Amino acid sequence: MKDPVSQMKAIWNDLYPEQGVKLLDTFTSRLEQLKEEINIPLNEEGWYKDAVVYSLYVDLFNKDFPGLESKIEYLKELGVNCLWLLPILDSPGKDAGFDISDYRSIRPDLLGLPSDASNESKSNVFASFLQKAHDNDIRVVFDIAINHTSDQHPWFKEARSSMNNPFRNYYIWAEDDKGYADARIIFKGLCESNWEKDGDQYFFHRFFEFQPDLNYRNPQVLLAMADNLVYWMKLGVDGFRADAIPYLWKEEGTYCENLHQTHQIVKFFRAVLDLVRPQTLLLAEACQKPNEVVKYFGNGDECH
């Protein structure tokens, strides 16, 4: 497998040939420095292959993270050695938490904290849970939607505030609703279109109208999402289930699914994980035909 930094540069030049590498070089230099600062033991290679995974909603299992923490020994007795947490990040909750409004904050109610709790307080509760899990040889992965955000995310609030706002280009906007006509409506019967009118323009969404799709043609989006993954890796999270992977890149005249550029984006995220903390799991939610699903393994350089 290629060196992760070389892999990222090759992908970058493929996706953004006119961009130059200055922005990427700054990003990879920061990651290499961060790697030296992280003091978390590496997981053994292939740990996920025979993991006993228990998937749960924190609130439905035992109210909140302190409640889940109190059940760690019980889960260990069952033979569980990996917890897969269904959506935990801040969200209005219109789509079971897959409509994320803050990638770096857990919903306060899941932490047993008031809504105005500080980020430090939130981090401390989650860190305590992670430590208890790791002390009992239980790894922790969680869901993260990388194709879209909530319309309540600060990026989108900024984007819709002005056509000149720099965050406007974090999403996909058009003068009408005719673009990407071959992209199927995934929630057919619930949504009439992949476009939603907002002010004088339309924004694109593959899922609900309150989940605007991110614009990965903008390299800032790619780096921002990679930074979100790194944020949780620094805290000790062992992996991610990446929601809605097949739809990341849009191209006119295609179905906007499983495109070459989408696979390149996934490879980029994998390279980031491999650079910062090797053996961090990247799990794909790729609801596709089997011959397309297997492509998300790549050559051992996409999803685990």
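Residues numbered from 1 in each chain as written. Predicted model: local features only at pLDDT ≥ 70, side-chain atom pairs only at ≥ 80, totals over all residues. Heavy atoms only, no water.

Visitor: Outline helix α8 (residues 219-235), supporting the account with residue identities and numerical values.
Guide: Turn by turn, an α-helix covers 3.6 residues, leaving residues three or four places apart pointing in a common direction. The terminal C-alpha atoms of α8, which comprises 17 residues, lie 25 Å apart, in line with the 24 Å expected from a rise of 1.5 Å per residue. Of all 17 residues that make up α8, 13 are buried, and the element is covered over most of its length. The N-cap of α8, judged by a side-chain oxygen 3.0 Å from the amide nitrogen of Gln 220 a few residues on, is Asn 218. Phi turns positive one or two residues past the end of α8, at Gly 236, with a value near 110°. (Helix = DSSP H or I, 4+ residues; strand = E, 2+ residues; numbered from the N terminus. Expected span 1.5 Å × (residues − 1). Buried < 20%, exposed > 50% of the residue type's maximum accessible area, 1.4 Å probe, protein only. Polar contact = N/O pair within 3.5 Å; in protein donor to acceptor, adjacent residues only side chain to side chain.)

Visitor: Run through the layout of surface pockets, naming residues and quoting values.
Guide: Quantified by volume, the second largest pocket comes out at close to 200 Å³. Every residue along the wall of the second largest pocket is listed here: Asn 39, Ile 40, Pro 41, Leu 42, Asn 43, Glu 44, His 134, Asp 137, Ile 138, Arg 139, Asp 238 and Arg 277. Along the lines of polarity and charge, the residues of the lining of the second largest pocket split into four nonpolar, three polar and five charged. (1 Å grid on protein atoms, 1.4 Å probe; cavity = no way out; pocket = protein on both sides within 12 Å on 5 of 7 lines; lining within 4 Å. Points joined across faces, edges and corners; volume = space filled by probe spheres on them. Nonpolar A, V, L, I, M, F, W, Y, C, P; charged D, E, K, R; others polar.)

Visitor: Can you tell me about the pattern of salt bridges, naming the residues and giving the values?
Guide: In the structure shown here, the tally under the stated rule is 19 salt bridges. The closest approach of N and O atoms between Arg 160 and Asp 198, which form a salt bridge, is 2.4 Å. In this pair, Arg 160 sits in helix α7 (residues 154-161) while Asp 198 sits in strand β7 (residues 195-198), placing the two residues 38 residues apart along the sequence. With a closest N to O distance of 2.8 Å, Lys 250 and Asp 213 form a salt bridge. In this pair, Lys 250 sits in the loop between β9 (239-243) and α9 (260-276) while Asp 213 sits in the loop between β8 (201-204) and α8, placing the two residues 37 residues apart along the sequence. Assessed through its relative accessible area of 3%, Lys 250 is described here as buried. Beyond isolated ion pairs, a larger network of salt bridges with shared partners links Asp 143, Arg 241, Asp 243 and Glu 285. (Salt bridge = Lys/Arg side-chain N within 4 Å of Asp/Glu carboxyl O.)

Visitor: Could you give an account of the packing of α8 against α9, with specific residues and numbers?
Guide: Interhelical geometry of α8 versus α9 gives an angle of 35° and a closest axis separation of 10 Å. The crossing of α8 and α9 is right-handed. Residues Leu 222, Leu 223, Met 225, Ala 226, Leu 229, Val 230 and Met 233 of α8 form the contact with α9, whose own contacting residues are Ile 265, Phe 268, Phe 269, Val 272, Leu 273 and Val 276. Of the residues assigned to the contact of α8 with α9, the class counts are 13 nonpolar, no polar and no charged. (Axes fitted to C-alpha atoms, helices over the stretch in contact; angles between N-to-C directions. Left-handed = near helix turned anticlockwise from the far one by under 90°. Contact = heavy atoms within 4.5 Å.)

Visitor: Kindly report on the sheet that holds strand β6 (residues 173-174), identifying the contributing residues and their values.
Guide: Across the sheet, three strands lie side by side as β6-β8-β7; this open sheet has antiparallel pairing. Looking at which strands have only one partner, the edges of the open sheet turn out to be β6 and β7. Relative to β8, β7 runs antiparallel, the two sharing four bridges. Bridge pairing links Asp 198 to Gln 201 in β8. (Pairing = 2+ DSSP bridges.)

Visitor: Account for the state of the cysteines, naming residues and giving values.
Guide: Applying the stated criterion across every chain, the model contains zero disulfides. There is no disulfide at Cys 191, and the cysteine sulfur nearest it, in Cys 256, is 16 Å away. (Disulfide = S-S within 2.5 Å.)

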